[in-house]
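# Topology and contacts: notes
Listed below, chain by chain, are the residues.
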Amino acid sequence: MSFNTGSFVGKLIELNNSTQSIQTLCGWAIHHKRHAQEVVDVWFQQLTKSPKERKLLFLYLANDIVQNCKRKNIDEFKKEFSRVLPDALSHTYKSALEDLKTVKAIDRILAIWEQRDVFSKEFITKLQSYRPKGLRAGESESGEGGTSPNNKRVRTSSDSGGPDAETVIRLLVNLERGSALQDTKMKQQLQNLPPEVWNVASVDKISDRKRLEGLLKSIDTTYEQISNHRIRLQTEYTERTKVANLLKEFVSHQKQQLKHVESKILEYQGKLQKVHDVRGRLQSHLTSLPDLTGGGSLAPLPEPGSLFGAGE
């Protein structure tokens, strides 16, 4: 299976901030580890060409690649990224001079690389030297938005103690929007493949060299498609597992909130009854009082002149 620069550029253009998108392209890149130098060169070229709001995506992708390679003892990408990362970090830091959130995110990536010994401490220090002056070095630890996809955690509401509803909804929408299970295009491509792709025995019966070469090219493409689709499915399985666990936590919290609301309903029903009783008592007491406004049944007081006769 050959590495195709144009295909990789297209994938970088389509890259988005979802964990699934980054992990899928990471898997594709590692699959082409024999072309690590070309992969990293294209990565760096596209990083420098991309708008400043997308540059962080490229660093997230690099982070995913080097961390996965470390776990799998693959050295090719560490060597190649070490070659371009100083220029890449210098370029990205400069483009984010007024974007503290991006600076913090880069700080966080470098901190993770140092903590997990992805690169040497000396190399990390060199990369950190490109950080814009005047920003405190510790800001990234307490700031927002500065985590790589490998270190994201689901945001929770500290006030309520349960998962944030907006986060749950967003994760569910992202899952369904990019689901590999719903990839009808992939299903159609597999259905349109020559039957020989699925039948090893039939290959020996083909004597036409051009047909064999064409079939081999088709199988290479199919292998890459299936490999990428398998990575997508594995990523989706991981993401759905996380979301399923989150939903369990969310449902459990909602049940607790339901009990809390029920107790509050009873509490306020009691308050309402007390207010109703007091209102009834007030109305009853009010009607028992004499009406001093002149509109009641009491006789009016006599005029002063009528109290004394004229001859007295």
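Summary of the structure given here. All values derive from a computational prediction rather than experimental measurement.

## A few points about helix α7 (residues 121-128)
What α7 keeps buried is the set Phe123, Ile124 and Leu127. On an axial view of α7, the arc spanned by its buried residues comes to 100 degrees, and they lie on one face. Along α7, exposed side chains directed more than 90 degrees from the buried face belong to Lys121 and Glu122. Here the buried face of α7 lies against α5 (76-95) and α6 (100-115).

## Description of a positive patch on the surface
Together, Lys33, Arg34, Arg71, Lys72, Arg116 and Arg230 give the surface a local cluster of positive charge. Relative to the helices and strands, Arg116 resides in the loop between α6 and α7. The class of Arg116 is partly exposed, set by a relative accessible area of 35%.

## As for unusual backbone geometry
The phi dihedral of Asn73 is positive, around 55 degrees, even though this residue is not glycine. The residue Asn73 is located in the loop between α4 (55-71) and α5 in this model. Residue classification places Asn73 among the exposed positions, given a relative accessible area of 67%. With a phi close to 55 degrees, Asp117 is a non-glycine residue in the positive phi region. You can see Asp117 is positioned in the loop between α6 and α7.

Here is what the cut-offs are and how they apply
- Residues numbered from 1 in each chain as written.
- Predicted model: local features only at pLDDT ≥ 70, side-chain atom pairs only at ≥ 80, totals over all residues.
- Heavy atoms only, no water.
- Buried < 20%, exposed > 50% of the residue type's maximum accessible area, 1.4 Å probe, protein only.
- Helix = DSSP H or I, 4+ residues; strand = E, 2+ residues; numbered from the N terminus.
- Arc of directions from axis to C-beta.
- Contact = heavy atoms within 4.5 Å.
- Patch = residues over 30% accessible without salt bridge, like charges linked within 9 Å, V, L, I, M, F, W, Y side chains within 5 Å.
- Areas by Shrake-Rupley, 256 points an atom, 1.4 Å probe, with all protein chains shown as cover.
- Salt bridge = Lys/Arg side-chain N within 4 Å of Asp/Glu carboxyl O.
- Lys, Arg positive; Asp, Glu negative; His and termini not counted.
- Charge placed at Lys NZ, Arg CZ, Asp CG, Glu CD.

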